[in-house]
Amino acid sequence: MIVRIMGEGQIGLDEKHLVELNKLDDELLAEIQRGDEEGFRRTLGALLDAVRRLGEPVPDDSLEPSTLILPSPDATLEEVRGLLNDDGLIPG
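About the cut-offs
Residues numbered from 1 in each chain as written. Predicted model: local features only at pLDDT ≥ 70, side-chain atom pairs only at ≥ 80, totals over all residues. Heavy atoms only, no water. Pairing = 2+ DSSP bridges. Helix = DSSP H or I, 4+ residues; strand = E, 2+ residues; numbered from the N terminus. Contact = heavy atoms within 4.5 Å. Axes fitted to C-alpha atoms, helices over the stretch in contact; angles between N-to-C directions. Salt bridge = Lys/Arg side-chain N within 4 Å of Asp/Glu carboxyl O. Buried < 20%, exposed > 50% of the residue type's maximum accessible area, 1.4 Å probe, protein only. Polar contact = N/O pair within 3.5 Å; in protein donor to acceptor, adjacent residues only side chain to side chain.

Asker: Kindly report on the sheet that holds strand 1 (residues 2-5), identifying the contributing residues and their values.
Answerer: Here 4 strands make up an open sheet; going across it, the order is 3-2-1-4 and the pairing mixed. Lying at the two open borders of the sheet, with one neighbouring strand each, are strand 3 (56-57) and strand 4 (68-70). In this sheet, strand 4 lies alongside strand 1 in parallel orientation, the contact comprising 3 bridges. Bridge pairing in strand 4 places Ile-5 opposite Leu-70. Docked against the sheet, helix 2 (residues 37-54) engages strand 1, strand 2 (9-12) and strand 4, running at close to 135 degrees with respect to strand 1.

Asker: Help me get a handle on the pattern of salt bridges, residues and values and all.
Answerer: A full pass over the atoms with the stated rule returns 7 salt bridges. Among the ionic pairs, Arg-52 bridges to Glu-8, the shortest N-O distance being 2.7 Å. With a gap of 44 residues between them, Arg-52 in helix 2 and Glu-8 in the loop between strand 1 and strand 2 connect regions that are remote in the sequence. The partly exposed category is assigned to Arg-52, whose relative accessible area is 31%. Where Arg-34 meets Asp-36, a salt bridge forms, and the shortest distance between an N and an O atom there is 3.6 Å. Since its relative accessible area comes to 26%, Asp-36 is described here as partly exposed.

Asker: An account of the side chain of Gln-10 is requested, with residue identities and associated values reported.
Answerer: By secondary structure assignment, the location of Gln-10 is in strand 2. You can call Gln-10 buried: its relative accessible area is 9%. Reaching out from Gln-10, the side chain makes a polar contact with the backbone oxygen of Glu-64 at a distance of 2.6 Å. There is a polar contact of 2.8 Å between the side chain of Gln-10 and the side chain of Ser-66.

Pasting the structure below:
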């Protein structure tokens, strides 16, 4: 699957990593619902770091559709709240 981090580019990621990413996504969703800015910042950073660590950058000249789009590291809690669906940022 292809994950886009807004403002950074795309990363190819094996779907087997979705379990780990969903745990962070669930934590992020709970922090957003509580309005926990500090926790939100920490968990968003951990989620994006995990995507970078577990995946491989897609070359800039490759035009692949993104399966998931994640916010940039400097996105605000309110901006991310606007991107959420019932499952958080990552379906499942």
